[in-house]
Structure formats: C-alpha cells, structure tokens
Amino acid sequence: MKIDIKKLAKLANIPLKKDEEEKLEKQLEETLKYIESLNKIDTSKTSETNEVTDLKNVFREDIVERSFTQEEALKNAKHTYNGFFVVKAVLSEEMTS
Amino acid sequence: MKNKYIPVIGLEVHVELKTKSKMFCGCDASYFGEEPNSHTCPVCLGLPGALPVPNKKAIEWCLKIGMALNCKIPLVSKFDRKNYFYPDLAKGYQISQYDQPFAENGWIELTLKDEKKKKVRIRRVHMEEDTGKLLHETINGEKVSLIDFNRSGVPLVEIVTEPDFESAEEVKAYLKKLQQIIRYLEVSDADMEKGQMRLEPNISLREFRIQNSEFRIDENLPSYKVEVKNINSFNFVEDAIEFEIKRQSKILDEGKLPTQETRGWNEDRKESVSQRSKEDAMDYRYFPEPDIPPIKWKQEQVDNLKSQMPELPDVKIERYVKDYGVTYYNAEIIAREKKLAEFFEKTIEVCEELKNKKENSLDYKTITNWIINKKIDPEKILPAEFVTEILKATKVEGIDEAELESILKKIIDGNEKVVNDYKSGKENAIMFLVGQAMRELKGKVKADEVKEKLQDLLK
Amino acid sequence: MELHDLTITQTKKALLDREISAVELTKLYIERIKSLDEKFNSFVTTTFDKALELAREADNKITQGMNLPLLGMPLAIKDNFCTQEIRTTASSFVLEDFIPTYNSTVAQKLFDAGIVLLGKTNMDAWAHGSSTETSDFGSTKNPWDLTRLPGGSSGGSAAAVASDEVLAAIGSETAGSVRGPASWCGIVGLKPTYGRVSRFGVVAMGSSLDSPGPMTKTVEDAALLLEVLAGKDPKDATTSDHPVKKYSQGLKDKKMMTIGISDEYFENAEKEIGEKVNEAIKLLEKLGHKIKKIKLFNPKYAIDVYTILMRSEVSSNLARYDGIRYGFGRDRFGEEAKRRIMLGTYTLSSGYYDAYYKKAQKVRTLIIEDFKNAFKEVDVIIGPTLPSVAPKIGSTANNPMFGEMADILVEPSSIAGLCGINMPVGFDSQSLPVGMQIIGNQFAEETILNLAYQYEKETQFWREKPKIK
C-alpha cells in the first residue's frame, strides 16, 4: 500500500516537516498492512452498524434557546474585530456547501 | 455561434428554511441584519464536545418539499459528515446527507412559452446546514476575512435536478416554479437577494448532427461538466448560462473539450471565472454522522405528513379553470401567490353563502376580474368587505343592473328632444335626464353613477 | 484509617455527621495533592480556589440540612470534559489556553450533585493513547511504581484515585481508557454502555464509541457516581432513555449468575495475568456462580475494526481545531494526533472508504451479533482487562499502534457498545496491580456492578495502597 503523504497531509490540513513526512509515511503503511487482516472476514452478507444501541429518530422541537452573547462567543479567539472572528484573507469566491 | 450544440443543464438549488431555531441547536435561525456572532452556541460554533440534535420541523419541511416535487420518501435515511476545511465551516465538516437523502426520484412539470409543458426530473432533496458568512476587508493595510457564525447551522434544503434543461428559459421557469412551491409550503421566503435561495447550474453542451436527413442528438451525456457558483438572482442565472453556452461552444468549435471545473459568476464583468479544476476536486470523505441516530419512518408517518400538504398552484389552476370557468391565463395569475389564491377562494366562499341566502352576490367572472384588475387591493381588505365593495360599485342597492337600465331607457325614449340636444353637443342637457331618473329611482342610485350610465347608453 | 482512605459513602457520612467540614476535608485533599502531585503529575490544572468556594457552599448546605448525592465530595475530572471558566486542554497544547464558556453535561451534573472539584486530570493528548505519554503536559506516573506507566488515556484520573489525591475521578473511555488505567493503577473503573452517559461537552475522540465513566476506589462509589451521571441528555442525541436504576441499592442482594469465559481473551494475555484472573473466577465459582466456556470472536480483529473506526472519526472530530475561534493552530498537534488524523483521513478518502470504514462497520455488526449470542447463554463475561501489567515509561516509543494493541481485550466490548468494569484482582510477582474486567450486555450496568460488589466484599483489594516514596 503506497501513500501519497503530501496529498494526504493537505487533505487532513496537517502541516508536516520533511522528517515527519518520512516517518509518518512509513508508520501509516505499517498500520495499513496490519489492519489488512480484516479482509479475511467475510462480510458479503453483513450490513454495517452505524449506531450501536439501535436508537432512531432523535429530534428536538423547533424552539429557540439562549445563545452566547457576542462576548462569550469571541472570548477564546486570538483575533477579533468589531464582533467578528478574523483570519488571513481567503478567496472570496469559494464554495458554498 | 453556430447552433449545433444542445445545452445539457442540471441545477442544484439551496433553500434556507425559516424555522425558528437552527438545524442542530436552539440558536435563533434569523441572522439577517443581526449583530455578528450574537446567535451562536457551542454547537454552531463548533466548540469542543458540542453535539448536534436535529430540528424535527426542518426535517418535516424537507420531506414536504420532496413531496411537493413528487419525490419518493425512503423509509430509512441518515445524516452524513461532509469533510472539508474552510474558515466559515466551524466543525471542519458540514452535516449533510450523502447516499440516503430524505427524498429522491421526483419530477416537476414546467409551463413554457405558449403553454408548452416540460417535465424535469428531480434527483434528490436532502437536508444540510448552512455555513458562517465571510466578509473580506483590509484592516491596517492587511487583507483579512471576517467571520460571522450567525448563519452557521441554519437549515438548508438542497434540491438537485437531473440534467434535463436545455435552455436558460427552462431554467428560469423551473426556478420560478420552485420558488412558488417553496412559498406555498411556507417553509422559506426563498428570497434570492437575501440568500434564502441559491443556485448552482452545471452546464455542458451536447452535439447534434443531421444523419439521413434526420435530426440526431448524441445520446450520451457530455464527458465534462462546468459548475457555476455565486449566482444570486434569476437574471444572473440566465446571463451565466448564456455566457457558458457561448464560451463552451467556442472551445468545442475549436475541436477541444472544455475543462471540467467549478467557475464563479462575476456579475460586474458578466463572465464566469475558473475557480477550481477537476484535478483539485475536493475529496469530502463522507461518512455516516455518528452523533445522530438514523431516521426511520413508518409509512403512516409519511402519509400523515402528506395529508398536511397544502394544495399546490398546479392543482389550484386546474381547479379554477374547471370549477370556476376562469381562463388559464387568469387562473395562473391568481394562483401565483398563495395569499392571493386564498383570498380568491375566500371571496368565492362569501359569494356562495350570499347566494344560498338568496341575497345579492357576484359571479365568478366578476370576482376574477376585480382581483386581476386590482382596483381594490386584496391585501388591505377582508374577502367579505371586498364583496360588499364590489356590490356597491357594480350594482345598486335594491336595484340590479337590468332594472336600472330599463328605467333609464324609458326616460330616454320619453324625452326625444332633450336627447337630441345632448347628442348635438349640449352636454348640460343630460342633467335634465339625470333629474328625471333620480326622481324615478328615489335616491337608490347616486347621481354620478346615473349620469355615467346615461352617458354609456347615449353613446 | 485516615480520612483520605475513605470511600464516598464513608466520607459523606463523616460530613453529614459533622465529624469534619467540607472545607476541612477539601484542605486535606489540597495538601495531599500539593505534596504528592510533583511525583505523579496527575493534574493538568488544579482548581483549589474553586474547590474551597464549592466546599464552603457545601458546608452551608449541610448546615441548612440539605442533602445532595455528592455533596462536598472532593473529585477530579479528566481534562477532556469542558468545565465552565476552568481551563480544558484535553492535554494538548492546541487547547493550552482554552477556557470553555459552558459545562459538559457530566460536569454540570456533578456540580449539581454538590461535588468539590479539585482539578482537571492529565490524559493522553486528545485521549489518543493508553499510557498518558502522549500528553503535552508530560506523562503521569503510576503510583505503584513511579518508573511505570499509569495507563491511559484516563491515566491522571486513575493515578489520582490510586494515590488518594482525590476521593474519586471521572474518566472517559473510547476503548480501554477507563478500564485500562484502572487496571494498571489497581482501582475500579466503570465503562458504561454507549449512550448511558452524555458525551455533550466531552472533547470528541471516536464519536460512536466514547463513553464517560467513573473511576473509584470501590464498586459502591462507582454505582453512586453512575446514578448521578447516567441518563438521557437532550443535548446528546445518542443518549438512551433506558431508565436509570438505583445502582447503589442494587448491590446488596447477591444475584447468582452464569459467567462466560472465552479462551481467546486469556490466550492474548500474559500468563501471570491469566492466573490471577482465573483465581478470581474460581472464587466467584465458590460463591455459587456458574462458569461457562464460550467462544467469542477473536479479539485481534477488534484491533483492526477499532483502529479504522476510531481514527476515521478522530480525523473528522479534530477538524474543528483550526485556531480561529479558540485555541491554537493545527501545527500544535502532537505526533500521535497527527498519526491518527492522517490514517483516518486516508481510510475515509475516496476509493478507500468501502475497503476500510465500511468494512469495519460491517465487522462491527459481526462482533455485536457475536456478543448478542453470547449473552443468550451467560449474564456476564469475564477476562483480563489488559494483556500485561503496567510497563516501564518509554516502552511505547516506536510503536505506532501501541494504544490499539494494548487495548485488545477491551476493544471488542467497546465496539459493541457494551458496559464493562475493571476490578483489581491482586498483584503480580512485581507487586503491580492486576485487573479483570466484567463485561455486561448493553444497559446491564446493574448486573456487572452487582457481581463486582460480591467479589469486592470477598477480596477487599481496594484497601491495599501503593507505598508512596
């Protein structure tokens, strides 16, 4: 199993140094090899479990509850401006959902 | 442009629901004009350990949209995480639906020019959440983006069509109709300017050729697709599609294939600009949202929801034409907005009641005309008052139109000389006739109206 | 016996009988932490001022004749539970200065029940690990041997309880993070059924697995804490509305059970561990319980399933840490977090999802069915909690799957969302604690607590204390 570590790091949004890249690449390949044994188990007739306690249809009613004040919302942010969070400029024409 | 291509257009529309609270938390979902970051909590700010709990009403509304678009409602559904990084996406993933949407495989019938009909297939209708809002500014000489998370987590319904449109006109007809349906359901105001309805057309071109003097279209869909984003009005979507058709035709004319990509519409320059090509296409790493148990409907729950659906415009129009003898053209105008349609129906009810009580009433045609002409604003009056007003204006108390006419005709016949004077230009002569008529009518009709009626009869 | 040797029940009695005030008790524990914690490093953050304030409130309430389930009880909470106005780091420098403006449901319930919070305990960063060595605030040491690991990820909580720095502590388990350190530190650790205790406000690791639970000296204390913690939470859609029982009252009547034993669990453990656990089983048999051999799905596949599911979910759960709204940027993630995020990103990525995540969710179904079948025949399943006793500090280096490997015996039950409890069963030849786990069906907390209590009554291992040098 060969991993494109640079592409993966970009996808995961993890900044990696060169030596980290090498080490991680090796370790990830090792781990992938290890978990290969799962393929020995026949699951052709099995469906996947996404919820272990068989819950379903858990909803809330459409009721407005108290929100944070602006101050509370911004309290832990390093950079704020006029009630907004601030980041370095990002492309304006990017995706909407 | 040589007309040897047929556009293949599909559409993704996002509709923001007007629930009171957000999709997965109890924050107030209204954000328009609010102080930035004043409608947030751990959930919609993506704080550590916060968990989503879905809004029941939003889900029901999503199902209703699906039902209005003739979709099938699968009995099992779930939420998924769509993973990508962007500063306005608080959690680093958007809760959406991947392979088990709330509604799928529907259709909508469009009425095009000359009442031509066209069916467009709806692929799916699913539920997701909105992102925060970015503003771009320069502060102290540094270019920055400002984030407001008030919009983060507001419920969004995404409606995806099959690539069944062949022109901007069809797309526009679809959007108008979709907007109308959404408003009928009262689940969103679908105001494009406020971002409550957002469109993303994907456009490609398919070649056609003449073969054995027959018109043949390439049966396969084109191998590429161009998605256009940032369109926030019905008119822009037309411009954007026209622009793309021209742009892609040119590339195809040169024997090349347009790049599969996402382009952004620049309204000022009236052109689309490349944003992202297929090579760096996003890998969203969808997987079932572990924080939300699956949704499993009983058929009776679905049926119950269906029974709560309001009558939709198509059905209304058909009914107006059939039951009330309204022309298709007028029926369409009346049904365009639910409020007006309801006013029309209430007015008819009032009139039926009057008829039953053997009192003066109005016929369907008169009601229709008065509503279409808007001489009286239906927004400012109750149906019963509306009827009274029309009765006052068109008829006379205790006297109906025919009776009035016969009285006036008698007076005209008995005053030949005065009539001739009037006809030869002595306009004041009519006042004698009015006086005669008023005596006869004993004040049941206003002098002005009598004068008007006489003038009509003497024409 | 000294005050800090007492259990919750005993301490509570002393408080209500006015033998000691909550403030005096709190001061005693504060002094103990001050004098001991340099050795153990159980705490990331201590909250002594807040503790004294809470203790004064508790004393007022006692004076007013009020009673609350945990009134005046000096406790610690693992540092991945958000605590309002108290720094919450999950032992990662990414959250070094994060001060939540909200409480996790668990913290809220504990405060409402009257606890005195002494501090936030150390853990593997983001709960990634089984040693606390991945903590950005330094590893915690095992009170039984300072050169050894306390286990993890709730290692700080385990060490704090084992060394009587606190009366009890709260941990959280994804697969082994409560039972594991409880085993290596010789205390009781209860991992409730998935959805029994709310995850709201707990820094998420593997969302389909995470289960907060109590870490205590005795079974009764665990039962008392579970009574406070368990229940449906409107803020956590995955919590169950299964009725919460009076767990502490259910302990006293001795239920007779059929205990399932699976060879696979012993084969994967060191011999000496197996022997200790077998001794315990023999004792239970002597008490009248039936022992039944069963065959369970080989736990080694659970490692694969767990690794894939957990790392995939981790890669998504840690995506929110971008330093914009709180905390620092993603460059601050430690090696283990990076490793897990990267692998999880890979196993979810286009073209690999079916082979990994989906496959793992399918095998998960098989593991669940396997347990379901087992619980048709037995009431509980017993086996070693961990394959070994506490290893030396540093021994996890260069094993990129140390956590997942060490937790082999607790992973299957975690994957199936079952409840389980670690019980100290004595000491090995190096005088290190050995633990056995009692696994119960979903929502069978009452059953496993009942059996654990019967065993504890006979053995009283909790009275053995580490000799702290």
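Residues numbered from 1 in each chain as written. Chains lettered and ligands numbered in written order. Predicted model: local features only at pLDDT ≥ 70, side-chain atom pairs only at ≥ 80, totals over all residues.

Participant: Can you tell me about the overall build of chain C, naming the residues and giving the values?
Facilitator: Helices and strands together make up the secondary structure of chain C, namely 15 helices and 11 strands. Projected onto its principal axes, the C-alpha coordinates of chain C cover approximately 60 × 60 × 45 Å. Within chain C, residue pairs in contact and separated by at least 24 positions form 76% of the contacts whose partners lie at least 6 positions apart. (Helix = DSSP H or I, 4+ residues; strand = E, 2+ residues; numbered from the N terminus. Contact = placed C-beta atoms within 7 Å.)

Participant: Mind laying out the confidence of the model for chain C, listing which residues take part and the relevant values?
Facilitator: Per-residue confidence for chain C gives a mean pLDDT of 96; residues scoring 70 or more make up 100%. Across the assembled chains, the prediction reports ipTM 0.97 with pTM 0.92. (pLDDT = per-residue confidence, 0-100.)

Participant: Please provide a residue-by-residue account of the interface of chain C and chain B, values included.
Facilitator: Listed as interface residues are 32 residues of chain C and, on the opposing side, 23 residues of chain B. Among the elements that take part in the side of chain C that touches chain B, helix H10 (residues 299–317) of chain C stands out by supplying 3 residues, more than any other. Of the residues in the side of chain C that touches chain B, the class split is 14 nonpolar, 11 polar and 7 charged. (Nonpolar A, V, L, I, M, F, W, Y, C, P; charged D, E, K, R; others polar.)

Participant: I'd like to hear about the pairing of strand S2 (residues 74–78) of chain C, residue by residue, with values.
Facilitator: For a regular strand, the rule is simple: side chains alternate between the two faces of the sheet. Residue and element names in this part refer to chain C. When you tally the buried positions in S2, you get 5 out of 5 residues, the bulk of the element. Going residue by residue along S2, you find Pro 74, Ala 76 and Lys 78 tucked away on one face and Leu 75 and Ile 77 tucked away on the opposite face as well. When S2 meets strand S3 (residues 116–121), the two strands line up parallel, connected through 5 bridges. Paired with Ala 76 across the two strands is Gly 119, which belongs to S3. (Buried ≥ 20, exposed ≤ 12 C-beta atoms within 10 Å, placed from the backbone. Pairing = 2+ DSSP bridges.)

Participant: Pulling in residues and values, what's your account of the interface of chain B and chain A?
Facilitator: Between chain B and chain A, the contact holds 50 residues from the first and 35 residues from the second. When contributions to the side of chain B that touches chain A are tallied by element, the ones reaching two or more residues are helix H1 (56–68), strand S7 (133–139), strand S8 (142–148) and strand S16 (295–296) of chain B. Take the side of chain B that touches chain A: its biggest share by element is 6 residues, from S8 of chain B. Residues of the side of chain B that touches chain A, tallied by class, amount to 21 nonpolar, 16 polar and 13 charged.

Participant: Residues and numbers for helix H2 (residues 22–40) of chain C, please.
Facilitator: Residue and element names in this part refer to chain C. A rise of 1.5 Å per residue sets the reference length of H2, with its 19 residues, at 27 Å; its end C-alpha atoms lie 25 Å apart and thus fit the reference within 8%. At Lys 34, H2 is bent by approximately 35°, the largest bend along its length. Those residues of H2 that are buried lie in contact with helix H1 (8–16), strand S1 (43–46), helix H3 (48–63), S2, S3 and helix H5 (155–162). (Expected span 1.5 Å × (residues − 1). Bend = angle between axes of the 7 residues up to and from the residue.)

Participant: I'd like a description of the sheet that holds strand S4 (residues 168–173) of chain C, backed by residues and values.
Facilitator: Residues and elements named next belong to chain C. Strands sit in the order S1-S3-S2-S4-S6-S5-S10-S11-S9-S7-S8 across an open sheet of 11 strands; the sheet is mixed. Each edge of the open sheet carries a strand with a single partner, namely S1 and strand S8 (290–294). Mean inter-strand twist for the sheet, computed between neighbouring axes without regard to direction, equals 25°. Pairing of S4 with strand S6 (residues 211–216), which is carried by 5 bridges, proceeds in the antiparallel orientation. The partner of Glu 173 across the bridge, within S6, is Ser 211. The strands that H5 touches are S1, S2, S3, S4 and S6; relative to S4, the one it contacts most, it runs at about 155°. (Axes fitted to C-alpha atoms, helices over the stretch in contact; angles between N-to-C directions.)

Participant: Give a detailed account of the domain arrangement of chain B, specifying residues and quantitative values.
Facilitator: Segmenting chain B into domains produces domain 1 (5–307), domain 2 (313–394) and domain 3 (401–458). Taking the mean C-alpha position of each, domain 2 of chain B and domain 3 of chain B sit 32 Å from one another. (Domains from an automatic or database assignment.)

Participant: Can you explain the packing of helix H2 (residues 168–185) of chain B against helix H3 (residues 234–253) of chain B? Please cite residues and give values.
Facilitator: Residue and element names in this part refer to chain B. Axis separation between H2 and H3 bottoms out at 9 Å; the angle between their running directions is 155°. Overall, the two elements H2 and H3 adopt an arrangement that is roughly antiparallel. Judged by the sense of rotation from one axis to the other, the crossing of H2 with H3 is right-handed. Residues Ala 168, Val 171, Lys 172 and Leu 175 of H2 form the contact with H3, whose own contacting residues are Phe 234, Val 237, Glu 238, Ile 241 and Glu 242. The class makeup of the residues in the contact of H2 with H3 is 6 nonpolar, no polar and 3 charged. (Parallel < 35°, antiparallel > 145°, perpendicular 65-115°, else oblique. Left-handed = near helix turned anticlockwise from the far one by under 90°.)

Participant: Which residues make up the pairing of S7 of chain B, and what values go with them?
Facilitator: Residues and elements named next belong to chain B. As defined by bridge partners, S7 adjoins S8 across 7 bridges and the pair is classed as antiparallel. Note on S8: the bridge partner recorded for Ile 139 is Glu 142. Following S7, the chain reverses through 2 residues before pairing antiparallel with S8; Asn 140 in that reversal takes a positive phi of roughly 50°.

Participant: Describe the sheet that holds strand S2 (residues 84–88) of chain A, naming the residues involved and giving the relevant values.
Facilitator: Strand order in the open sheet made by the 4 strands is S1(A)-S2(A)-S8(B)-S7(B), with antiparallel pairing throughout. Looking along the sheet, the strands with just one partner apiece sit at the ends: strand S1 (80–81) of chain A together with S7 of chain B. Summarising the sheet, S1 of chain A and S2 of chain A pair through 2 bridges and their orientation is antiparallel. Residue pairing across strands places Tyr 81 of chain A opposite Phe 84 of chain A, the latter belonging to S2 of chain A.

Participant: Mind laying out the packing of helix H7 (residues 338–356) of chain B against helix H8 (residues 364–373) of chain B, listing which residues take part and the relevant values?
Facilitator: Residues and elements named next belong to chain B. Direction vectors running N to C along H7 and H8 enclose 145°, while the axes themselves pass 11 Å from each other. Considering only the axes of H7 and H8, their crossing is right-handed. Across from Phe 344, Thr 347, Ile 348 and Cys 351 in H7, the residues of H8 making contact are Tyr 364, Ile 367 and Ile 371. Looking at the contact of H7 with H8 residue by residue, the classes come out as 6 nonpolar, 1 polar and no charged.

Participant: I'd like a description of the environment of Glu 227 of chain B, backed by residues and values.
Facilitator: When you line up the elements, Glu 227 of chain B lands in strand S12 (residues 226–229). Look past the residues within four positions of Glu 227 of chain B in its chain and what remains in contact with it is Glu 200, Asn 202 and Thr 262 of chain B.

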